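Secondary and tertiary structure notes
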Amino acid sequence: MINLLKHFNNRRSMSESIVFYHSANDPRWTPCEYEAVSEEGFQKNVIAFRSINLISRGIASIPMTLENKSDTPKLNANKPDILLNRPNQQQSRGVFFEHLVNYLLISGNAFIHWSENGQIMCLRSDRVQIVPNASKTAVDFYVYNVDSCQFRIEKEDLLHLKFFNPLNDWYGLSPLQVASRAIDQHNAMSNHNLAILQNGGRPSGCLMIKTGAEHLTEEQREQLRSDVRSAYSGTLNAGKIMVLEGDFEWKEMGMSPKDLDFSAGKDLTTREIAQAFGVPPVLVGLRGDSGFSNYREARMHLWEDTILPLAELIRLEFSNWISKKLGENLEIVFDLDKIHALTARRDILWQRISAADFLTINEKRELLGFPPLKNKNGLVK
């Protein structure tokens, strides 16, 4: 580039102006790979991290029991609850379900392995390989890859939970992958703002020498760059007045943060990331949406539209898988009345049932989950 400028200087006079136009490069998006998406999204982006943890910890906090619905149960009455409350020796029920939902939201897939000793645990999604049958219509078996070793897992011993993927028959589509472009933009804005802050709150620029440029050697030019950098760049030099001797001029080489309006841009990407996970933006700290009533309604919206539907999907698949493994009609039952975020919904239901004059007392109690009242003459009407 220096030789090119010298070539133009030899052919043109100092009064002639030369304009070089440099267009923006094509954006470099994070590749759709498990490790890359996990690092950029879950580990480096606070909005995606917060959204995933809100959902996973919400599902893990739901009070649940594993009930045996068989007419003649074969198992000990306490065994289903032990299996649910202590899935394996390393994890409690809450930690187990938190890991399960995290893998599901990050990769779009969650794999639960039933070991030979009757314990269940989540496997890392990127280490599980699906091997289809000869006709490519169903799963034949699974292969678990770890530390250059491969372990075969029969399909009966592995539960595969996945989201719908229109372009893949075997692996699910991750919400984190869908939000990856908004995450890249959010991270890029954060990196740019940090660079501006570390540079003293000013964007990059150039030192223009109007006349006498031919008298500066390359060593003098490099010395001039070093002097300007050490004297005026960095957070410790923020606000210093730049004093230029001779025929020098400082030219900004980029738009200011105000021109780029990064604050509004980050708010937009925050909304996009939260929407990909079904989380109201107020719950991830978006400014301007933090009213008390808005926050309460947002929590209810998160539970009713995101957490409970996903928990129901996991409940049905998990119950069906365990029932097949143990040969019993087992079912996971949620106790939604103990969820504090749904208190407002329960209050509305109680008010409606209480105001229903066409229902008897026992009919109202039945709708609310209470046993009927009795007196000496039988049931209370």
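Structure first, text after, so check above.
Residues numbered from 1 in each chain as written. Predicted model: local features only at pLDDT ≥ 70, side-chain atom pairs only at ≥ 80, totals over all residues. Heavy atoms only, no water.

**Side note on the overall build of the protein chain**
Of the regular secondary structure elements, the protein chain holds 13 helices and 12 strands. Expressed as a percentage of the 381 residues in the protein chain, the buried residues total 34%. A separation threshold of at least 6 residues defines the contact pool for the protein chain, and within that pool the share at least 24 residues apart is 61%. Carbon and sulfur atoms provide 52% of the accessible area of the protein chain, an area that totals close to 24,400 Å². (Helix = DSSP H or I, 4+ residues; strand = E, 2+ residues; numbered from the N terminus. Buried < 20%, exposed > 50% of the residue type's maximum accessible area, 1.4 Å probe, protein only. Contact = heavy atoms within 4.5 Å. Areas by Shrake-Rupley, 256 points an atom, 1.4 Å probe, with all protein chains shown as cover.)

**Concerning the nonpolar core**
With 57 residues, the main nonpolar core has Ile-55, Leu-100, Ile-112, Phe-277, Val-279 and Phe-318 as its most contacted residues. Element by element, the count of residues in this core is highest for helix H11 (residues 292-326), at 11 residues. Not counting residues within four places of it along the chain, the set of residues in contact with Val-279 comprises Ser-51, Leu-54, Ile-55, Ala-274, Val-284 and Leu-302. Membership of the second largest hydrophobic core comes to 10 residues, among which are Leu-123, Val-128, Val-139 and Tyr-142. (Core = buried A, V, L, I, M, F, W, Y, C linked by side-chain atoms within 4.5 Å.)

**As for the pattern of salt bridges**
Going through the model one piece at a time under the given rule, you end up with 10 salt bridges. In this structure, Glu-40 engages Lys-44 in a salt bridge whose closest nitrogen and oxygen atoms are separated by 3.6 Å. We classify Glu-40 as partly exposed; its relative accessible area is 24%. A cluster of three or more residues bridged by salt bridges with shared partners is formed by Glu-39, Glu-40 and Lys-44. (Salt bridge = Lys/Arg side-chain N within 4 Å of Asp/Glu carboxyl O.)

**A closer look at a nonpolar patch on the surface**
A cluster of nonpolar side chains, namely Leu-349, Trp-350 and Phe-370, defines an oily patch on the protein surface of about 310 Å² accessible area. Relative to the assigned elements, Leu-349 resides in helix H12 (residues 343-354). Leu-349 sits in the partly exposed class, given a relative accessible area of 43%. (Patch = residues over 30% accessible without salt bridge, like charges linked within 9 Å, V, L, I, M, F, W, Y side chains within 5 Å.)

**What to know about the environment of Trp-170**
Inspection of the secondary structure assignment puts Trp-170 in the loop between strand S7 (158-162) and helix H6 (175-178). As a C-alpha pair, Trp-170 and Ala-138 span 32 residues in sequence and 8.9 Å in three-dimensional space. When sequence neighbours within four positions are dropped, the list of residues in contact with Trp-170 reads Asn-109, Ile-130, Pro-132, Lys-136, Thr-137, Ala-138, Val-139, His-160 and Lys-162.

**Comments concerning the sheet that holds S7**
Adjacent strands of a sheet pair through backbone hydrogen bonds, lying either parallel or antiparallel. With respect to topology, 3 strands assemble into an open sheet ordered S3-S2-S7, the strand pairing being antiparallel. Of all strands in the sheet, those bounded by a partner on one side alone are strand S3 (120-123) and S7. Each neighbouring strand pair of the sheet contributes to a mean axis angle of 25 degrees, computed without reference to strand direction. As paired strands, strand S2 (residues 109-114) and S3 are joined by 4 bridges and run antiparallel to one another. From the neighbouring strand, Phe-111 faces S3, where its bridge partner is Leu-123. (Pairing = 2+ DSSP bridges. Axes fitted to C-alpha atoms, helices over the stretch in contact; angles between N-to-C directions.)

**A short note on the pairing of strand S5 (residues 139-146)**
Of all 8 residues that make up S5, 6 are buried, and the element is covered over most of its length. Pairing between strand S4 (residues 128-132) and S5: 5 bridges, direction antiparallel. In the sheet register, Val-131 faces S5, and the bridge partner there is Phe-141. Counting the residues in the hairpin turn of S4 and S5 gives 6 residues, including Lys-136, whose phi is positive at 60 degrees. Looking at chain direction, S5 and strand S6 (residues 149-154) are connected through 6 bridges and run antiparallel.

**Concerning the packing of helix H2 (residues 34-43) against helix H5 (residues 93-107)**
The axes of two packed helices give the description: the angle between them and the distance between them. Remark: H2 packs on H5, axes separated minimally by 10 Å, with the N-to-C direction vectors making an angle of 105 degrees. Our classification of the angle between H2 and H5 gives roughly perpendicular. Every residue of H5 that contacts H2 at Tyr-34, Ser-38 and Phe-42 is listed here: Tyr-103, Ile-106 and Ser-107. Counted by class, the contact of H2 with H5 contains 4 nonpolar, 2 polar and no charged residues. (Parallel < 35°, antiparallel > 145°, perpendicular 65-115°, else oblique. Nonpolar A, V, L, I, M, F, W, Y, C, P; charged D, E, K, R; others polar.)

Note that every value here comes from positions in space, so none of it alone points to a role or purpose.
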